[in-house]
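Below are the chains, spelled out letter by letter.
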Number of protein chains: 4
Amino acid sequence: MLNELSSDKLREKCGVAGVYNSDLTMDAAKYLYYCLYSLQHRGQESAGIATTDGRHTYYHKDMGLVPEVLNEEILKQLRGHIGIGHVRYSTTGDSKVANAQPLVVRYRGGSIALAHNGNLVNAAELRDRLEEDGVVFQTTIDSEVIANLIARFSSNGIVNAIERTMDMIRGAYSLVVITEDCLIGVRDPYGLRPLCLGKSEDGFVLASESCALDVIDAEYMRDVEPGEIIIIDREGLKSKRVKEVNRRAFCIFEYIYFARPDSVIDGTSIYAARKNAGKILAEEHPVDANLVIAVPDTSIPAAIGYAEASGIPFGEGLIKNRYIGRTFIQPEQELRETAVRIKLNPLKYNVCGKRIVMIDDSIVRGTTSK
Amino acid sequence: MLNELSSDKLREKCGVAGVYNSDLTMDAAKYLYYCLYSLQHRGQESAGIATTDGRHTYYHKDMGLVPEVLNEEILKQLRGHIGIGHVRYSTTGDSKVANAQPLVVRYRGGSIALAHNGNLVNAAELRDRLEEDGVVFQTTIDSEVIANLIARFSSNGIVNAIERTMDMIRGAYSLVVITEDCLIGVRDPYGLRPLCLGKSEDGFVLASESCALDVIDAEYMRDVEPGEIIIIDREGLKSKRVKEVNRRAFCIFEYIYFARPDSVIDGTSIYAARKNAGKILAEEHPVDANLVIAVPDTSIPAAIGYAEASGIPFGEGLIKNRYIGRTFIQPEQELRETAVRIKLNPLKYNVCGKRIVMIDDSIVRGTTSK
Amino acid sequence: MLNELSSDKLREKCGVAGVYNSDLTMDAAKYLYYCLYSLQHRGQESAGIATTDGRHTYYHKDMGLVPEVLNEEILKQLRGHIGIGHVRYSTTGDSKVANAQPLVVRYRGGSIALAHNGNLVNAAELRDRLEEDGVVFQTTIDSEVIANLIARFSSNGIVNAIERTMDMIRGAYSLVVITEDCLIGVRDPYGLRPLCLGKSEDGFVLASESCALDVIDAEYMRDVEPGEIIIIDREGLKSKRVKEVNRRAFCIFEYIYFARPDSVIDGTSIYAARKNAGKILAEEHPVDANLVIAVPDTSIPAAIGYAEASGIPFGEGLIKNRYIGRTFIQPEQELRETAVRIKLNPLKYNVCGKRIVMIDDSIVRGTTSK
Amino acid sequence: MLNELSSDKLREKCGVAGVYNSDLTMDAAKYLYYCLYSLQHRGQESAGIATTDGRHTYYHKDMGLVPEVLNEEILKQLRGHIGIGHVRYSTTGDSKVANAQPLVVRYRGGSIALAHNGNLVNAAELRDRLEEDGVVFQTTIDSEVIANLIARFSSNGIVNAIERTMDMIRGAYSLVVITEDCLIGVRDPYGLRPLCLGKSEDGFVLASESCALDVIDAEYMRDVEPGEIIIIDREGLKSKRVKEVNRRAFCIFEYIYFARPDSVIDGTSIYAARKNAGKILAEEHPVDANLVIAVPDTSIPAAIGYAEASGIPFGEGLIKNRYIGRTFIQPEQELRETAVRIKLNPLKYNVCGKRIVMIDDSIVRGTTSK
């Protein structure tokens, strides 16, 4: 199954978050705003929040970074103590606002909003079957398939509908869902995508990474288990373990470069994992060098690990221009060879005349540069 | 039925257009752009175009005026010889981008795009029945109900599906629809909303008003008949008269102030209708006056008609500031009484010391001012 | 002298306004905003306001229409009871923000802000002389020459400086000027450009056209005389007639199409002047026709005048699309011939088969169309 | 003199660059764009470029970051082989577009453009004297004083004018200047602000920091000497040492946190200087700790230096959110205490239970945190 997913793995790096405040007067939107900010590294293409005050469901989503999509005025309109948010990764494919999340739909049971991180492997097959039944689709995202399944299975309540939906869908999914009265978190049976649970002063928080709990002062409780459904409503938190599989298959790229180093996923510190990878590399591939440098910024922990294990000093070797953004004009003609220096300039003082171990994100493939 | 509609009549002033070019290399989008520009008076809230090149369906829609939503770069991406467009009236209600049209959906038969002018009276009832069957809704527009019905009835082809849909829906609707290979126009059995048919050099055009035919040099053929379906594909134009009713019920407000004076609707010139209304007013309500003026700009024909019938000279009496737009800052406090003069300043030279007949849009209610 | 100016006459259609409120707590900026709105037809390229509260001088100016340049937040920052404003005509020449007005400078006497409508004929010569003295110029507008002259002559006060400046400059100028404590209006000795004076509830107003007085409920007092300086400060209004010439040379294009029909310039209603021009045309060029139409909107008064004098009925013949703005995409190829219809569509009902007198702005050149 | 400057030192952190291409067909603007990008850390308030093709001088400047102010279309219009650029530091004071640089003026000798990094201590006195002579000022920047002085002294050529200007002005200044035919660089006699000289393939480059040479593949030649004028024209490079003082007074804050670590200023690597400061700190203030961390990102070299000298391992301790920008909404009420975590989240894995040496920019003041 991992193979089937692998071609799409980069496309499906998204971030999700959910907030449930017990105090009905505390709006979830502003909390979600900060959660999404701290998950921004997981997706820069689109952002969105959906909330409910128990009667109405509000949402706003658009192409762009969190601060481009959401401002104070919009956050005020996103009323209600329950909400979810989503950031989507930039890709050239179906990059359009119709595919931004959360997806909000009205069904016989009321309103439901979903945000999805992952990639179903049988989405096309499920679409075909639903279309045969007369269903129309307005987007190309998996969330719309999931929403239709939940709606069809909803005669015995939302949790039952989600269980039956999990029987149908295959692949990677970490889902956050809201109805008018509850927040639900779901993780696929293999635990392919991360999803963790936190306790805030006044309620609960779900998020792709624990760094999103930190920013709103929520305490990390645990990761949502593979195949688990978490239901949070006025009665508190319930858990249902609906699908069990013998093996886990967490995406290794989360540890290598997706996740933030200050996050803990499935009990392991990302920073520790990266530093340890550098140590292993130093042991397996010792080199005779004067300096260990990192290609900023993801690989700094691995470089520090390599340095500590090898005894070769760690230092800066490439200085990043912090201001290069999306509107940067790519150099042409004469300057093409030096283009890379605009973003990343060698620190000549430190690197000239030295033998360098350069650690970048591809260390898992065993690359070592001099 | 008209009564049921009346409360919403202002909300449902929209404009629709459809273009079918026989020459596959001639893109429909640019024609639609000019059509929508000439229908802009029918809706300033949102605008959108959907096109098909026979294989893919493209669309773009957003809040704003036609030139704000559509630019040259976007038009280039809206490929294909068949297309439809929509402008939506500004309202405080469900003004959001999710409700912009055309609505584009994928169903078992392929892709379908719809644009709707009107207001169904049984939409809520139909939604409930569809939701009972497990359908989810993402918008609050009638087009989504219509699209779901068409998809469910589509086993015997799109035309049959539209006929069966017309059996279900009640109320006002002028619809333009595209599939991958045809353009379809539909008008409700009472003919409540306008829809006319034109012949372009290379194909056919459908539009809410004939002024949209003029701008692309298409020749006005006739109005679509109440209860008629027009199908345009590579074999040419076919017509099907599916629903007949004995009485017509065209919305009188189209003649009074919705439509443009250079349009012809159901065989009657809007300009002539307005001028004639002014004449009748002069006969029924003769007044002793020196000057007939119009509250710009819609009532100029009626004022001219009144002047001709009464022998009282027509003149300008209120000068409109052509630059007042949506970002205009409303005056406060001291200037409140004079606020109206900023938009519409009395032409003192012409009106001071005179007895004035002032004709405005409400002439049908018999108001005459001095 | 008119000949020298004529080539530039279109370039120098600008609008100016000045407000002096006796009540120190009444900010001038909002009044100027509405004045500029009503003068927008005189210039759409740039807009700006400068104000003073007696201690500091504030200004804001930029490319664009009044509502694009000025918003509520900016108006709040433009503090003080005295102020001037400017709108500049759109042109391809030196269209840049550096040339927007008012020009605000610091000189030995404090701060001075100027806004200028007109065109000096000896500006280049004066620039050369000032540069010889070591002066540097940052713009290409005449106001910068005038400001430098005033600064150099300022040892005996601002009014004396303006008088001496008027001795140097030649050409068309209607100027509004503020220092920390007064508002000054100046009109060139030939009266080439308009400038009128009004009385507001609490002070005085200067403006290019009287329609700008109407919108803020100021009463039209009179036009500033050719060669006159008006000084308004806490002691009230003073006038100084500094330059007298025997002949006046007001720009005829103001009457034909620059000014708004509801303005009165040098005692003559623009509407009356245009209507009268139509009457004279009817007498000098009688034609056998069924209908008189105007090319909207400037020539409606002349068309009404022609109709009244000739007995031929006036009617609408061309319907203008009110929504065509600066971002309109020009049609190419196939649609080129019909392009004009997008902006101005013939009202076929009214014009087909008739003999038409079409009145446009060029009536002064004697053109009459059938 | 340093004391007089010190209160303003932060305000006057700007970046300047100048490019002279011998090949007349090679436009300077694009090179300057990349130079300014690499100097962006020196100023984020405004950006601008002025160029000359030997006949006309072109410029564009506005509030905002380099990519906000300059785009491909604008760069194309900035024609010519000679040019200068400027980035200005963000401040609450006179932050307005009128104060953006370069300043471009017309004077008797033609056009001149200037960009200035520094702060004159006798600017107010010079302004007063110039105003007494009838000069008007349109900005509050020192460049306008300098431009006026150069213009007044210009009878014997631009270089002589700059020399005479240097006799008048006191304080910190690194200046780049262009006329129609040359690029000039000037550094004040104390060398308070940096300015370095590079050789490009086809000409010469001046820049505040050497990192701006690297990005356009220019070779660092040397720093401009205190009191030196560099003149680059078609005959090559000339140097004139006009003012000599016995002592140098380079601003220490450049080494501590203004400059980029990959720059070399006055022969010293910024990285080396910072790392060395960390070493000295370790020697002067040894502490018993388990981990040395840096408050990102400026103090990483000092932290590495401290770690190396003390033998305490260096590691990451605070993870920065790279996406926090100017539109970030500050948290209120409940979240205030945790606000700092949104921008900088503690890496709990690495810091919990450890004794930490935290190195930040204030190391020169001897602060050490646990």
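Residues numbered from 1 in each chain as written. Chains lettered and ligands numbered in written order. Predicted model: local features only at pLDDT ≥ 70, side-chain atom pairs only at ≥ 80, totals over all residues. Heavy atoms only, no water.

Peer 1: Any chance you could explain the relation of the copies chain D and chain A here in plain terms?
Peer 2: Relating one copy of the chain to the other takes a rotation about an axis and a shift parallel to that axis. With an RMSD of 0.1 Å, the fit of chain D onto chain A corresponds to turning through 180 degrees and sliding 0.0 Å along the axis. The operation mapping one copy onto its partner corresponds to a two-fold rotation axis. Interface residue correspondence from chain D to chain A reaches 100%, placing this contact among same-surface, isologous pairings. (Least-squares fit on C-alpha atoms with pLDDT ≥ 70 in both. Contact = heavy atoms within 4.5 Å.)

Peer 1: I tried to follow the packing of helix α5 (residues 123–132) of chain D against helix α6 (residues 142–152) of chain D on my own but got confused; where do I start?
Peer 2: Packed helices, taken two at a time, are described by their axes: the angle between them and the distance between them. Residues and elements named next belong to chain D. α6 packs onto α5 with a crossing angle of 50 degrees between their chain directions and a minimal axis gap of 10 Å. It follows from the interaxial angle that α5 and α6 lie oblique. Relative to α6, α5 is oriented so that their crossing is left-handed. Contacts between α5 and α6 involve A123, L126, R127 and L130 from the former and D142, E144, V145, N148, L149 and R152 from the latter. Of the residues that constitute the contact of α5 with α6, the class distribution is 5 nonpolar, 1 polar and 4 charged. (Axes fitted to C-alpha atoms, helices over the stretch in contact; angles between N-to-C directions. Helix = DSSP H or I, 4+ residues; strand = E, 2+ residues; numbered from the N terminus. Parallel < 35°, antiparallel > 145°, perpendicular 65-115°, else oblique. Left-handed = near helix turned anticlockwise from the far one by under 90°. Nonpolar A, V, L, I, M, F, W, Y, C, P; charged D, E, K, R; others polar.)

Peer 1: What's the story with unusual backbone geometry in this structure? I'm lost.
Peer 2: Where the residue is not glycine, phi is negative for most of them; where a peptide bond is considered, it is trans in most cases. C:P102 follows C:Q101 through a cis peptide bond whose omega is 0 degrees. Despite not being glycine, A:D217 shows a phi value in the positive range, around 60 degrees. Position of A:D217 relative to the elements: it lies in the loop between α8 (211–214) and β11 (219–223). For D:D266, which is not glycine, the phi torsion reads 50 degrees and is therefore positive.

Peer 1: I tried to follow the interface of chain D and chain A on my own but got confused; where do I start?
Peer 2: Where interface size is given, it is often the accessible area lost as the parts come together that is meant. Across the contact, 58 residues belong to chain D and 58 residues belong to chain A. Between chain D and chain A lies a buried interface of about 4,900 Å² when both sides are counted; carbon and sulfur atoms form 59% of it. Summed over the shared surface of chain D and chain A, the number is 6 salt bridges. Summed over the shared surface of chain D and chain A, the result is 23 residue pairs in polar contact (both at pLDDT 80 or more). Secondary-structure elements contributing two or more residues to the side of chain D that touches chain A are α2 (29–38), α4 (72–77), α8 (211–214), α10 (270–284), α11 (300–310), α12 (339–343), β18 (344–346) and α13 (348–351) of chain D. Broken down by element, the side of chain D that touches chain A gets its largest block of residues, 6 residues, from α2(D). Here the residues of the side of chain D that touches chain A sort into 30 nonpolar, 14 polar and 14 charged. (Buried area = accessible area lost by both parts, 1.4 Å probe. Salt bridge = Lys/Arg side-chain N within 4 Å of Asp/Glu carboxyl O. Polar contact = N/O pair within 3.5 Å; in protein donor to acceptor, adjacent residues only side chain to side chain.)

Peer 1: What should I look at first to understand the arrangement of the chains in this one?
Peer 2: In this view chain A stays clear of chain C, with the nearest C-alpha atoms of the two still 16 Å from each other. Nothing in chain B touches chain D; the tightest C-alpha to C-alpha distance between them is still 16 Å.

Peer 1: How should the interface of chain C and chain D be read in this particular structure?
Peer 2: Taken together, the contacts link 23 residues of chain C with 23 residues of chain D. With both sides pooled, the region where chain C packs onto chain D buries about 1,800 Å², and carbon together with sulfur makes up 45% of that total. It is C:R108, C:V136 and C:Q138 in chain C that bury the most area against chain D; as a group they hold 33% of the surface buried on that side. Remark: the boundary between chain C and chain D carries 0 salt bridges. Elements supplying a minimum of two residues to the side of chain C that touches chain D: β5 (103–107), α5 (123–132) and α6 (142–152) of chain C. A breakdown of the residues in the side of chain C that touches chain D according to their chemical character gives 11 nonpolar, 4 polar and 8 charged.

Peer 1: What should I look at first to understand the sheet that holds strand β3 (residues 57–63) of chain C in this one?
Peer 2: The strands that make up a sheet are held in pairs by hydrogen bonds between backbone atoms, and each pair lies either parallel or antiparallel. All names here are of chain C. The 7 strands lie next to each other as β3-β2-β4-β1-β10-β9-β11, forming an open sheet whose pairing is antiparallel. Each of the sheet's edge strands pairs with one partner strand only, and the pair in question is β3 and β11 (219–223). Taking each pair of neighbouring strands and ignoring which way they run, the sheet shows an average axis angle of 15 degrees. (Pairing = 2+ DSSP bridges.)

Peer 1: I keep staring at the pairing of strand β8 (residues 183–187) of chain C and nothing clicks. Help me out?
Peer 2: A regular strand places its side chains so that they alternate between the two faces of the sheet. All names here are of chain C. Burial within β8 is extensive, with 5 of its 5 residues counted as buried. Alignment of strand β7 (residues 171–178) against β8, held across 5 bridges, turns out to be antiparallel. Across the sheet, residue V176 finds its bridge partner in β8, namely G185. Linking β7 to β8, which pair antiparallel, is a turn of 4 residues. As defined by bridge partners, β8 adjoins strand β12 (residues 228–233) across 4 bridges and the pair is classed as antiparallel. Its bridge partner being in β12, I184 is matched across the sheet by I231. (Buried < 20%, exposed > 50% of the residue type's maximum accessible area, 1.4 Å probe, protein only.)

Peer 1: Would you explain the sheet that holds β8(C) in this entry?
Peer 2: Residue and element names in this part refer to chain C. Taken together, the 6 strands give an open sheet; going across it, the order is β5-β6-β7-β8-β12-β13, and neighbouring strands pair in antiparallel fashion. Of all the strands in the sheet, just β5 and β13 (236–241) have a single pairing partner and so form its edges. Each strand of the sheet is rotated relative to its neighbour by a mean of 20 degrees, with strand direction disregarded. Here 5 bridges tie β5 to strand β6 (residues 110–120), and the two strands are oriented antiparallel to one another. Bridge pairing links L103 to L114 in β6. Contacts from α6 reach β5, β6 and β7 within the one sheet, and its direction differs from that of β6 by about 135 degrees.

Peer 1: Would you take a moment to explain the pattern of salt bridges for this structure?
Peer 2: Inspection of the entire model under this criterion finds 79 salt bridges over all chains. Where B:R42 meets B:E254, a salt bridge forms, and the shortest distance between an N and an O atom there is 2.7 Å. Separated by 212 residues along the polypeptide, B:R42 in the loop between α2 (29–38) and β2 (46–52) and B:E254 in helix α9 (residues 252–258) bring together distant segments of the chain. In this structure, C:K30 and C:E72 form a salt bridge, with 3.4 Å as the shortest nitrogen-oxygen distance. Taken together, the positions of C:K30 in helix α2 (residues 29–38) and C:E72 in helix α4 (residues 72–77) put the pair 42 residues apart, joining distant regions of the chain. Its relative accessible area of 33% is what places C:E72 among the partly exposed residues. Several salt bridges share partner residues, and in doing so they unite A:D297, A:K320, A:R322, D:D297, D:K320 and D:R322 into one network.

Peer 1: For this particular structure, what's the right way to read the relation of the copies chain C and chain D?
Peer 2: Of the transformation superimposing chain C on chain D, the axial component is 0.0 Å and the angular component is 180 degrees, with the fit at an RMSD of 0.1 Å. By residue overlap, the copies meet face to face through one surface: 100% of the interface positions of chain C are interface positions in chain D.

Peer 1: Teacher, can you tell me more about α6(D) here?
Peer 2: Helical periodicity: at 3.6 residues per turn, an α-helix aligns residues three or four positions apart in one direction. Among the 11 residues of α6(D), 10 are classified as buried, and the element is accordingly described as predominantly covered. Turning to α6(D), its buried residues number three or more, namely D:D142, D:S143, D:E144, D:V145, D:I146, D:A147, D:N148, D:L149, D:I150 and D:A151.

Peer 1: Sorry, what's going on with helix α7 (residues 158–168) of chain D here?
Peer 2: Buried residues of α7(D): D:I158, D:V159, D:A161, D:I162, D:T165 and D:M166, and no others. With its buried residues spanning 155 degrees around the axis, α7(D) presents them on a single face. (Arc of directions from axis to C-beta.)

Peer 1: What is the right way to look at the packing of aromatic side chains in this model?
Peer 2: The geometry of an aromatic ring pair is captured by the separation of the ring centres together with the interplanar angle, meaning the angle of the planes. Scanning all chains against the criterion turns up 25 aromatic pairs over all chains. With centroids separated by 5.5 Å and ring planes inclined at 80 degrees, the aromatic side chains of C:Y257 and C:F258 adopt a geometry described as edge-to-face. With a relative accessible area of 26%, C:Y257 lands in the partly exposed category. Judged by relative accessible area, C:F258 falls into the buried class, the value being 2%. Here B:K199 stacks its cationic end above the ring of B:F204, 4.7 Å away from the centre of that ring. (Phe/Tyr/Trp six-rings, centres within 6.5 Å; stacked < 30°, edge-to-face > 60°. Lys NZ or Arg CZ within 6 Å of the ring centre and 35° of its normal.)

Peer 1: Explain the environment of A:K199 here, please?
Peer 2: All names here are of chain A. Summarising the element assignment, K199 is placed in strand β9 (residues 196–200). Residue classification places K199 among the partly exposed positions, given a relative accessible area of 31%. Considered as a pair, K199 and L213 are 14 residues apart in the sequence and their alpha carbons are 8.4 Å apart. Filtering out sequence-adjacent residues up to four positions away, K199 remains in contact with F204, A218, E219 and M221. Among the polar contacts made by the side chain of K199, one reaches the main-chain carbonyl oxygen of G203 at a distance of 2.9 Å.

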